Amino acid sequence: AVRARRMSPARHEAAALRGYLERHFLPSHPALSLSDLSPAAAAADPARSEEGIRAMLRWFKEAFPYERGTCASCGASAGYRGTVRASRRERGRLAARAELWRCGECSSWLRFARYNSVPQILRDRRGRCGEYTNAMLQLVLALGWRARWVV
């Protein structure tokens, strides 16, 4: 069965997310404005709106790299070792669990906290499908689009 979860940001959260896009996305796209990314703009000029949304998706893909378990010490690939409870600090930032990774080259241990907090994901710019789906969904909702997360 398919489950759908609707998660709309509160008004102040939506304003903060739009502010994030103004500070981080729009400076590299001076020909665009937030209003160009809205549903109203899509109704008025679908081609321009689609161009703006595609630019935002490209920016997101470049600005938020997919976490692949790369060692922070030497850059080699690390191997997944399991999942543990998030540390007190990680739980304070709304992570429920953390993954442990071990580098095969330098034997360093790495932690990858799995955050559910969109502000934390946007600050860290580390994640995979779950984190980035959550972040992009909230950004799109903040722009006024109707969207939902279907699992």
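Relevant structure appears above.
Residues numbered from 1 in each chain as written. Predicted model: local features only at pLDDT ≥ 70, side-chain atom pairs only at ≥ 80, totals over all residues. Heavy atoms only, no water.

Each helix and strand counted, the protein chain has six helices and five strands in total. Tracing the protein chain from N to C terminus, the helices and strands come up as β-α-α-α-β-α-β-β-α-α-β. Dimensions along the principal axes, computed over C-alpha positions, put the protein chain at roughly 55 × 30 × 30 Å. Here the protein chain holds 151 residues, and 41% of them are scored as buried. Roughly 9,300 Å² of accessible area belongs to the protein chain as shown, and the carbon and sulfur atoms make up 52% of that amount. (Helix = DSSP H or I, 4+ residues; strand = E, 2+ residues; numbered from the N terminus. Buried < 20%, exposed > 50% of the residue type's maximum accessible area, 1.4 Å probe, protein only. Areas by Shrake-Rupley, 256 points an atom, 1.4 Å probe, with all protein chains shown as cover.)

Reading across the sheet, the three strands line up as β2-β3-β4 and stay open at both edges, with antiparallel pairing between neighbours. Single-partner strands in this sheet number two, and they are β2 (78–85) and β4 (109–115). Sheet twist, expressed as the average angle between the axes of neighbouring strands with direction ignored, equals 25°. As judged from the seven bridges shared by β2 and strand β3 (residues 95–103), these two strands associate in the antiparallel manner. Paired with T83 across the strands is E99, a residue of β3. (Pairing = 2+ DSSP bridges. Axes fitted to C-alpha atoms, helices over the stretch in contact; angles between N-to-C directions.)

Time to look at the layout of surface pockets. In this model, the largest pocket occupies a volume close to 280 Å³. Taken together, the elements giving at least two residues each to the lining of the largest pocket come down to α1 (11–24), α5 (118–124) and α6 (129–142). (1 Å grid on protein atoms, 1.4 Å probe; cavity = no way out; pocket = protein on both sides within 12 Å on 5 of 7 lines; lining within 4 Å. Points joined across faces, edges and corners; volume = space filled by probe spheres on them.)

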